[in-house]
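Residue-level structure breakdown
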Amino acid sequence: MLRTGHYGVSLLVFAPIGYALVGAGVTAPAFVLGATMLWLSMLPDVDHRLPGIAHRGPTHTLLFAALVGSLFWGVAAVVTDSFGSVAVSLGDASVGLAVFAFAVGFLTVVGHLVGDALTPMGVNFLWPLSGKGYSLSLTTADSSGWNYGLFVLGVFVTAAWVSTVLGLV
Ligand SMILES: [Zn+2]
């Protein structure tokens, strides 16, 4: 999956979560989640530049998603230690900044994995527990039709709910 396709799929993964958050009056965290999912949507493909790491290997797993989430958690914990505890309001509930940060890191990687799972090469989500790759085989990674189509769909779906929430339509 190319960058445009990943942007689109990440937006499609974000859309229902963002919609629910904004619907609960949680606008700023929704924005942070969406922006991070786009900004770091290509993070797992860092394996192209890591010597000795196979492409779509360890960085394309739920374990890596948890690792990135933990890294975000750690940064948030340092911030919390320095500035006092920060709660992220989620409508009726609220979670600590570190928990929210974990979720943002985790979902960012998951958004990328979903995109790659559409291609025949698939993604081995459960490595190292399982050696089995999962693929929906809907499109090749470099299909410009699918990549642009997913991008347009992601932007459209996100724009549609944002404008609904803002009362523009
Ligand atoms: Zn990838």
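What comes next concerns the included structure. (Residues numbered from 1 in each chain as written. Predicted model: local features only at pLDDT ≥ 70, side-chain atom pairs only at ≥ 80, totals over all residues. Heavy atoms only, no water.)

Looking at the overall build of the protein chain
Of regular secondary structure, the protein chain possesses five helices and two strands. Ordered by position from the N terminus, the helices and strands of the protein chain form the series α-α-α-β-β-α-α. The C-alpha radius of gyration of the protein chain comes to 17 Å, within 12% of the 15 Å expected for a compact globule of 169 residues. Counting across all 169 residues of the protein chain, residues that qualify as buried make up 40%. Counting only contacts in the protein chain whose residues sit at least 6 apart along the sequence, the fraction spanning at least 24 positions is 64%. When the accessible surface of the protein chain is split by element, carbon and sulfur atoms take 73% of a total near 8,900 Å². Across the protein chain, the 4 positively charged side chains and the 6 negatively charged ones have centroids separated by 9 Å. (Helix = DSSP H or I, 4+ residues; strand = E, 2+ residues; numbered from the N terminus. Rg over C-alpha atoms; globule rule 2.2 N^0.38 Å. Buried < 20%, exposed > 50% of the residue type's maximum accessible area, 1.4 Å probe, protein only. Contact = heavy atoms within 4.5 Å. Areas by Shrake-Rupley, 256 points an atom, 1.4 Å probe, with all protein chains shown as cover. Lys, Arg positive; Asp, Glu negative; His and termini not counted. Charge placed at Lys NZ, Arg CZ, Asp CG, Glu CD.)

Quick word on the packing of aromatic side chains
Considering all chains together, one arrives at six aromatic pairs under this definition. Seen from their ring centres, Y19 and W161 are 6.0 Å apart, and the 85° between their planes marks the pair as edge-to-face. Of this pair, Y19 sits in helix α1 (residues 3-23) while W161 sits in helix α5 (residues 144-165), and the two are 142 residues apart along the sequence. Where W73 meets F102, the ring centres are 6.5 Å apart and the plane angle is 85°; that geometry is what we call edge-to-face. You can see W73 sitting in helix α3 (residues 62-83) and its partner F102 sitting in helix α4 (residues 97-117), a full 29 residues away along the chain. With relative accessibility at 41%, the residue W73 sits in the partly exposed group. (Phe/Tyr/Trp six-rings, centres within 6.5 Å; stacked < 30°, edge-to-face > 60°.)

Quick look at α1
In a regular helix each residue adds 1.5 Å, so 21 residues correspond to 30 Å; α1 covers 29 Å between its end C-alpha atoms and thus fits that length. Remark: the principal bend of α1, roughly 35°, maps to A15, with a proline, P16, within the next four residues. Within α1, burial applies to G5, H6, G8, V9, S10, L11, V13, F14, A15, G18, L21 and V22. On the buried face of α1, the contacting elements are α2 (27-39), β1 (87-90), α4 and α5. Just past α1, the residue G25 takes up positive phi, approximately 80°. (Expected span 1.5 Å × (residues − 1). Bend = angle between axes of the 7 residues up to and from the residue.)

What about the coordination of the zinc ion?
In an ideal tetrahedron of four donors about a metal, each angle is 109.5 degrees. In an ideal octahedron of six donors, the angles are 90 or 180 degrees. For the zinc ion, the protein coordination sphere consists of D45 (OD), H60 (NE2), H112 (NE2) and D116 (OD), at 2.0 to 2.2 Å. Its four donor atoms give the zinc ion angles of 88 to 174° at the centre, a pattern that matches the irregular case. On the primary sequence, the residues serving as donors to the zinc ion are separated as D-x14-H-x51-H-x3-D. Taken together, the positions of D45 in the loop between α2 and α3 and D116 in helix α4 put the pair 71 residues apart, joining distant regions of the chain. One exposure class covers both D45 and D116, and it is buried. (Donors = N, O, S within 2.8 Å, 3.2 Å for Na, K, Ca; no water. Tetrahedral: all angles 85-135°; square planar, octahedral: opposite > 155°, others 65-115°.)

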